[in-house]
Amino acid sequence: MGVEFDGLMRAAAGIGARSALEIGTRAGGTAILMALSDMDVTTIDLVSGYRDELACQWGVGDRIRFVQGDSLSAATIKQVGQASYDLLFIDGNHLAADRDMDLWEHAVRPGGIVALHDIHYNAPDSAVPAFWRHLQQRRPDVEFHEEHIEGGYGIGWFIKR
Ligand SMILES: C[S@@+](CC[C@H](N)C(=O)[O-])C[C@H]1O[C@@H](n2cnc3c(N)ncnc32)[C@H](O)[C@@H]1O
């Protein structure tokens, strides 16, 4: 994951990203990578698997805000509050990446990055590859980028207009 994530982190550095919103925390692996890339991270997960002690070991505990909630619910949107993020990383419910995009893209500033994990993860519990293809057809005006290493599932992103 670390290597596959590098391209996205280089793109984030390229736009001077200082803040990120993540959907899907799990233990906090990608949240920690984003914090190590100089971003303050708000990360949302349905369940409380986030390991704050791990983030502290990496010296970024104070850069990560964990919000427990359903990213698809109005209550979570209210709890996260109004903010303008430089990067949105969608890695939550892989059957609902389209809904996460609809609900959270507004939180990214123009010129910021909207990213999806697992764009090549073809499995019954994932609609991300189909959604990624759909996005590319629906938005011919934006430039799509992706990083896909052998054994990985691919990360795709575009710059929000
Ligand atoms: C693939 S894992 C995230 C991995 C993490 N980004 C990383 O790479 O370190 C997906 C996570 O999304 C969470 N999730 C699934 N549906 C969600 C929802 N509707 N709202 C918030 N989190 C959700 C799951 O609990 C799970 O922890």
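Before reading on, note that the structure itself is shown above.
Let me begin by describing the structure that accompanies this report. (Residues numbered from 1 in each chain as written. Predicted model: local features only at pLDDT ≥ 70, side-chain atom pairs only at ≥ 80, totals over all residues.)

1. Some thoughts on the site of the ligand
In the neighbourhood of the ligand, 18 residues make up the surrounding shell, with Gly24, Arg26, Gly29, Ser71 and Asn93 lying closest. Secondary-structure elements contributing two or more residues to the shell around the ligand are helix 2 (29–36) and strand 2 (40–45). (Near = placed C-beta within 6 Å. Helix = DSSP H or I, 4+ residues; strand = E, 2+ residues; numbered from the N terminus.)

2. Looking at the sheet that holds strand 5 (residues 108–117)
Sheet architecture is open: seven strands sit in the order 3-2-1-4-5-7-6, paired in mixed fashion. For this open sheet the edge positions go to strand 3 (64–68) and strand 6 (144–147), each flanked by a neighbour on one side alone. The sheet shows a mean angle of 20 degrees between the axes of neighbouring strands, direction not considered. Bridging between strand 4 (residues 85–90) and strand 5 involves five bridges; their strand directions are parallel. The residue of strand 5 that forms the bridge with Leu87 is Ile113. Of the strands in this sheet, strand 1 (19–23), strand 4 and strand 5 are in contact with helix 5 (residues 97–104), which crosses strand 4 at around 160 degrees. (Pairing = 2+ DSSP bridges. Axes fitted to C-alpha atoms, helices over the stretch in contact; angles between N-to-C directions. Contact = placed C-beta atoms within 7 Å.)

3. Some remarks on helix 5
Those residues of helix 5 not exposed but buried are Ala97, Asp100 and Trp104. The arc enclosing the buried residues of helix 5, seen along the axis, measures out at 55 degrees, which places them on a common side. Lining the buried residues of helix 5 we find strand 1, strand 4, strand 5 and helix 6 (128–138). (Buried ≥ 20, exposed ≤ 12 C-beta atoms within 10 Å, placed from the backbone. Arc of directions from axis to C-beta.)

4. Digging into unusual backbone geometry
Note: most peptide bonds trans; most residues except glycine with negative phi. Phi at Asp38 takes a positive value of approximately 75 degrees, unusual for a residue other than glycine. Along the chain, Asp38 falls in the loop between helix 2 and strand 2. Residue classification places Asp38 among the partly exposed residues on the basis of 15 C-beta atoms within 10 Å. Located in the positive-phi region is Asp118, a residue other than glycine, with phi close to 70 degrees.

5. Some details on helix 2
Across the eight residues of helix 2, six count as buried, placing the element largely inside the fold. Positioned one or two residues after helix 2, Asp38 has a phi angle of 75 degrees, which is positive.

6. Digging into the pairing of strand 2
Most of strand 2 sits out of view: five of its six residues are buried. When strand 1 meets strand 2, the two strands line up parallel, connected through five bridges. In the strand pairing of strand 2, Ile23 is matched with Ile44. Handedness of the strand 1-helix 2-strand 2 crossover: right-handed. Bridge count for strand 2 against strand 3 is five bridges, and the pairing is parallel. (Right-handed = clockwise from strand over helix to strand, strands pointing away.)

7. Points about the nonpolar core
Membership of the largest hydrophobic core comes to 36 residues, with the highest contact counts inside it found for Ala20, Ala35, Met39, Leu87, Leu88 and Ala115. Setting aside anything within four residues of it in sequence, one finds Leu88 in contact with Leu21, Trp104, Glu105, Ala107, Val108, Val114 and Ala115. (Core = buried A, V, L, I, M, F, W, Y, C linked by C-beta atoms within 7 Å.)

8. Quick look at the environment of Tyr50
Here Tyr50 shows up in the loop between strand 2 and helix 3 (52–57). The class of Tyr50 is buried, set by 20 C-beta atoms lying within 10 Å.

9. Focus: the environment of Asp52
The topology assignment puts Asp52 in helix 3. Residue Asp52 is classed as exposed on the basis of its C-beta count, with 11 C-beta atoms lying within 10 Å. In sequence terms Asp52 and Glu150 are 98 residues apart; their C-alpha atoms lie 30 Å from each other.

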